[in-house]
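As a plain string of letters, each chain reads:
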Amino acid sequence: MQFFLDSANLTEIKESLAWGVIAGVTTNPTLLSREDSAFELLAREICTLMQGSPVSLEVLATTTDAMVEEALKLAALAPNVVVKIPMGGEGLKAVSRLRREEKRVPCNVTLIFSVSQALLAARAGAAYISPFIGRLDDIGWDGVGLVEEIVAVFRRQALDTPVIAASIRHPVHVQRVAAAGAHIATVPFSVLQQMAAHPLTSQGVARFLADWTRRQGEGRP
Ligand code: G3P
């Protein structure tokens, strides 16, 4: 399973890249609304930082024609743009048209909450599909269970659309979607930090340092 960073924050993206663990970035209008920079400038900078790895930018339009027009503008920002299209009839038509464009525009169909939606998005030609697991958990459903089902159904149906587990809230989500066979998990930076940390690791480092400092205090070479 690959990791994408679910963020539009340049500091977080640079730090995650330096860790050597991310293979892409996903954004959404909420994440972008938290940043001060002008949208196009920020989007281009993220795409440059990611050096050819996929960067998802979402359309705000709600009708097919407007989605396609917006998607083409987003795709023109950089060669590694993947256009995020919300699930639904208008979105499916947009995905289907964009895949047939002369210069094919890869789409990440977002806001997927059922296996049926995942199947339709894959058949329409999505380059990725994004089930939102945290938001399903929020309403008392089983978000990880949905990822498990989609991965199993896609395997059985020989659909090769990569599944991005999105709306990840904590490291256990990441572990469980990896076990479920998700191809990608898009993870907020705070969750990446939680994944890297463990109290026994911090305690271990502190103890090694204390033992070595004591030894040096005893004047031993
Ligand atoms: O990638 C989609 C994700 O950002 C949504 O996360 O936490 O707003 O449900 P959340």
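Residues numbered from 1 in each chain as written. Predicted model: local features only at pLDDT ≥ 70, side-chain atom pairs only at ≥ 80, totals over all residues. Heavy atoms only, no water.

Here the focus is helix 8 (residues 143-156). Between its first and last C-alpha atoms helix 8 spans 20 Å; for 14 residues at 1.5 Å apiece the expected length is 20 Å, and the two agree. If you follow the buried residues of helix 8, they end up packed against strand 5 (107-112), helix 6 (115-124), strand 6 (128-131), helix 7 (133-138), strand 7 (164-165) and helix 9 (171-180). For helix 8, the N-terminal capping position is held by Asp142, with its side-chain oxygen 3.4 Å away from the main-chain nitrogen of Val144. (Helix = DSSP H or I, 4+ residues; strand = E, 2+ residues; numbered from the N terminus. Expected span 1.5 Å × (residues − 1). Contact = heavy atoms within 4.5 Å. Polar contact = N/O pair within 3.5 Å; in protein donor to acceptor, adjacent residues only side chain to side chain.)

With respect to the element layout, Asn9 can be found in the loop between strand 1 (2-6) and helix 1 (10-19). Along the primary structure Asn9 and Leu31 are separated by 22 residues, whereas in three dimensions their C-alpha atoms are 8.1 Å apart. A polar contact is formed between the side chain of Asn9 and the backbone nitrogen of Glu12, at a distance of 2.9 Å. Polar contacts involving the side chain of Asn9 include one to the side chain of Glu35, which spans 3.3 Å.

A word on the sheet that holds strand 4 (residues 81-86). Spatially, 6-5-4-3-2-1-8-7 is the arrangement adopted by the eight strands of the open sheet, whose pairing is parallel. Two strands close off the open sheet at either side, each with one partner strand: strand 6 and strand 7. Relative to strand 8 (residues 184-187), strand 7 runs parallel, the two sharing two bridges. Looking at the pairing, Ala165 lines up with Ala185 of strand 8. Strand contacts of helix 5 (residues 89-100): strand 4 and strand 5, with the helix running at about 150° to strand 4, the strand carrying the most contacts. (Pairing = 2+ DSSP bridges. Axes fitted to C-alpha atoms, helices over the stretch in contact; angles between N-to-C directions.)

Right, let's get into the environment of Glu149. Considering the arrangement of structural elements, one finds Glu149 in helix 8. Once the C-alpha coordinates of Glu149 and Ser114 are considered, the two residues, 35 residues apart in sequence, prove to be 9.1 Å apart.

What follows is about the site of the ligand. Residues in close proximity to the ligand include Asp6, Asn28, Lys84, Phe132, Arg135, Ala166, Ser167, Arg169 and Thr186, which together make up its full environment. Arg135 places a side-chain nitrogen or oxygen 2.7 Å from an oxygen atom of the ligand. Taken by itself the ligand offers 310 Å² of open surface, and the protein chains cover 82% of this. When atoms are counted within 2 Å of each cavity's grid points, the one that captures over half of the ligand is the largest pocket. Considered class by class, the residues forming the shell around the ligand number two nonpolar, three polar and four charged. (Near = heavy atom within 4 Å. Areas by Shrake-Rupley, 256 points an atom, 1.4 Å probe, with all protein chains shown as cover. 1 Å grid on protein atoms, 1.4 Å probe; cavity = no way out; pocket = protein on both sides within 12 Å on 5 of 7 lines; lining within 4 Å. Sits in = over half its atoms within 2 Å of the grid points. Nonpolar A, V, L, I, M, F, W, Y, C, P; charged D, E, K, R; others polar.)

Another aspect to go through is the pattern of salt bridges. A complete count under the given rule lists seven salt bridges for this structure. The residue Lys73 makes a salt bridge to Glu69 at a minimum N-O spacing of 3.6 Å. Of this pair, Lys73 and Glu69 both sit in helix 4 (residues 64-75), four residues apart, which is roughly one turn of the helix. Between Arg220 and Glu218 there is a salt bridge; the shortest N-O distance is 2.9 Å. (Salt bridge = Lys/Arg side-chain N within 4 Å of Asp/Glu carboxyl O.)

Bringing the layout of surface pockets into the picture now. Taken as a whole, the largest pocket spans an internal volume of roughly 230 Å³. The wall of the largest pocket is formed by 15 residues, among which Asp6, Asn28, Leu31, Arg135 and Ser167 lie closest to the centre. Taken together, the residues of the lining of the largest pocket sort by class into five nonpolar, five polar and five charged. (Points joined across faces, edges and corners; volume = space filled by probe spheres on them.)

As a further point, take the side chain of Ser167. Along the chain, Ser167 turns up in the loop between strand 7 and helix 9. With relative accessibility at 9%, the residue Ser167 sits in the buried group. Among the polar contacts listed, one links the side chain of Ser167 to the side chain of Arg169, at a separation of 3.3 Å. The residues touching Ser167, leaving out its near neighbours within four places in the chain, are Phe132, Ile133, Gly134, Arg135 and His173. (Buried < 20%, exposed > 50% of the residue type's maximum accessible area, 1.4 Å probe, protein only.)

What follows deals with unusual backbone geometry. Despite not being glycine, Gln51 has its phi angle at roughly 45°, a positive value. Among the structural elements, Gln51 can be located in the loop between helix 3 (39-49) and strand 3 (55-58). In this model, Ser167 sits at a positive phi of 60°, which is unusual for a non-glycine residue.

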